[in-house]
Amino acid sequence: MNRPNIIYCAGGNRKFAEIAIENGLLYGARIPRDKPHYPIYFADQDWKKPNRSQYMAQLSQYRPKIATVLDLQSLDQFGEVLSWAEEASQFCEYVVIIPKIPSIIKRLPKRINNKEVILGYSMPTKYGSTSVNPEEFAKWTVHLLGGSPHRQMSIWDIMGKYSYIFSVDGNFTQMIALRYNKFWTNGDATYAENRWLPRLDEADGGKWPEDAPYEAFRRSCINVINAWDKKIDE
């Protein structure tokens, strides 16, 4: 079993993008809101403020491997979401449809324009979530959207039994690095706050690195990759 493709998805800071790529993560961006600094593997549309024409224009420009489309939040959006997927399929290899209605998945096509459809599972966060039971994703290829690394791994433990987790994305480790100079570690703690080591000045004997947020993020990138590799080998 292979580990999922691990994607750092954020715009606005070239340095964070460089660190992520240098340490083995793939690069993604929420377009057209954010300006990518490098070629993108993953494109995510802004589900709170969708702009189809600008999004498709940038998909045509950047040609990502994976691209999300309009979130499927109500039955009356079904045709519109498939229309988005039809258009997006011209510019990527995998189209991600994000179902947020229970029992809707059985109506979705597995392929569009001979491109594989991946289902996006919206991790429970302040930014988004889904009411669809993970078991409804059975026998589908899945992308985990957002959330912390340990939350993603917890969902993988559940969904990985009956679905293929192709990829995960997020920028949670960047947020923690920027706010607190903390980095993620793969411990055995149950709660999120116990997964974050002390601030770098405390962890390193009272020395505050000049580039503390970047160093914290670098350590998180390394630890996340290693944690996924260890999980897959278990």
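Shown above is the structure to which this text applies.
Residues numbered from 1 in each chain as written. Predicted model: local features only at pLDDT ≥ 70, side-chain atom pairs only at ≥ 80, totals over all residues. Heavy atoms only, no water.

Q: Explain the packing of aromatic side chains to me, using residue names and the numbers behind them.
A: The way to describe two aromatic rings as a pair is by their centre distance and the angle between their planes. The tally for this structure, following the rule as stated, stands at 10 aromatic pairs. With centroids separated by 4.8 Å and ring planes inclined at 55°, the aromatic side chains of Phe16 and Tyr214 adopt a geometry described as tilted. Residue Phe16 is located in helix H1 (residues 14–22), and its partner Tyr214 is located in helix H7 (residues 212–233); the two are separated by 198 residues in the primary sequence. Given a relative accessible area of 1%, Phe16 falls into the buried group. Positioned over the ring face of Tyr38 is Arg14, at 5.7 Å from the centre of the ring. Stacked on the ring of Trp140, the Lys or Arg Lys110 has its end atom at 4.0 Å from the ring centre. (Phe/Tyr/Trp six-rings, centres within 6.5 Å; stacked < 30°, edge-to-face > 60°. Helix = DSSP H or I, 4+ residues; strand = E, 2+ residues; numbered from the N terminus. Buried < 20%, exposed > 50% of the residue type's maximum accessible area, 1.4 Å probe, protein only. Lys NZ or Arg CZ within 6 Å of the ring centre and 35° of its normal.)

Q: Got a sec to walk through the packing of helix H2 (residues 52–62) against helix H3 (residues 78–88)? Specific residues and values, please.
A: Running from N to C, H2 and H3 cross one another at 25°; their axes reach a closest spacing of 10 Å. By the angle between their axes, H2 is roughly parallel relative to H3. The hand of the H2/H3 crossing is right-handed. In contact with Arg52, Tyr55, Met56 and Leu59 of H2, H3 contributes Glu80, Ser83, Trp84, Glu87 and Ala88. A per-class count over the contact of H2 with H3 returns five nonpolar, one polar and three charged. (Axes fitted to C-alpha atoms, helices over the stretch in contact; angles between N-to-C directions. Parallel < 35°, antiparallel > 145°, perpendicular 65-115°, else oblique. Left-handed = near helix turned anticlockwise from the far one by under 90°. Contact = heavy atoms within 4.5 Å. Nonpolar A, V, L, I, M, F, W, Y, C, P; charged D, E, K, R; others polar.)

Q: Outline the pattern of salt bridges, supporting the account with residue identities and numerical values.
A: One pass over the full model with this rule turns up nine salt bridges. Between Asp34 and Arg33 there is a salt bridge; the shortest N-O distance is 3.4 Å. One salt-bridge network, held together by shared partners, links Glu215, Arg218 and Arg219. (Salt bridge = Lys/Arg side-chain N within 4 Å of Asp/Glu carboxyl O.)

Q: Which residues make up the side chain of Gln58, and what are the values?
A: Relative to the helices and strands, Gln58 is located in helix H2. Beyond its immediate sequence surroundings of up to four residues, Gln58 is in contact with Ile31, Pro32 and Arg63.

Q: Kindly report on the pairing of strand E3 (residues 42–45), identifying the contributing residues and their values.
A: Where burial is concerned, the two faces of E3 agree: the one with Phe42 and Asp44 and the one with Ala43 and Gln45 are both buried. Summarising the sheet, E3 and strand E4 (residues 66–68) pair through two bridges and their orientation is parallel. Among the inter-strand pairings, Phe42 is bridged to a residue of E4, identified as Ile66. Crossover connection from E3 via H2 to parallel E4: handedness right-handed. (Pairing = 2+ DSSP bridges. Right-handed = clockwise from strand over helix to strand, strands pointing away.)

Q: Requested: an account of the environment of Phe172, with residues and values cited.
A: Residue position: Phe172 is located in helix H5 (residues 172–180). Given the relative accessible area of 28%, Phe172 is considered partly exposed. Taking the C-alpha atoms as reference points, Phe172 and Gly146, separated by 26 residues in sequence, lie 7.6 Å from one another.

Q: Go over the pairing of strand E9 (residues 164–170), please, and point to the residues and values.
A: In summary, the side chains of a regular strand alternate between the two faces of the sheet. For E9, the tally of buried residues reaches six of seven residues, placing the bulk of the element in the interior. Note that strand E1 (residues 5–9) and E9 share four bridges and pair parallel. What sits directly across from Asn5, in E9, is Ser167. Where strand E8 (residues 141–145) and E9 come together, five bridges link them in parallel fashion. Bridging across to E9, His143 finds its partner in Ser167.

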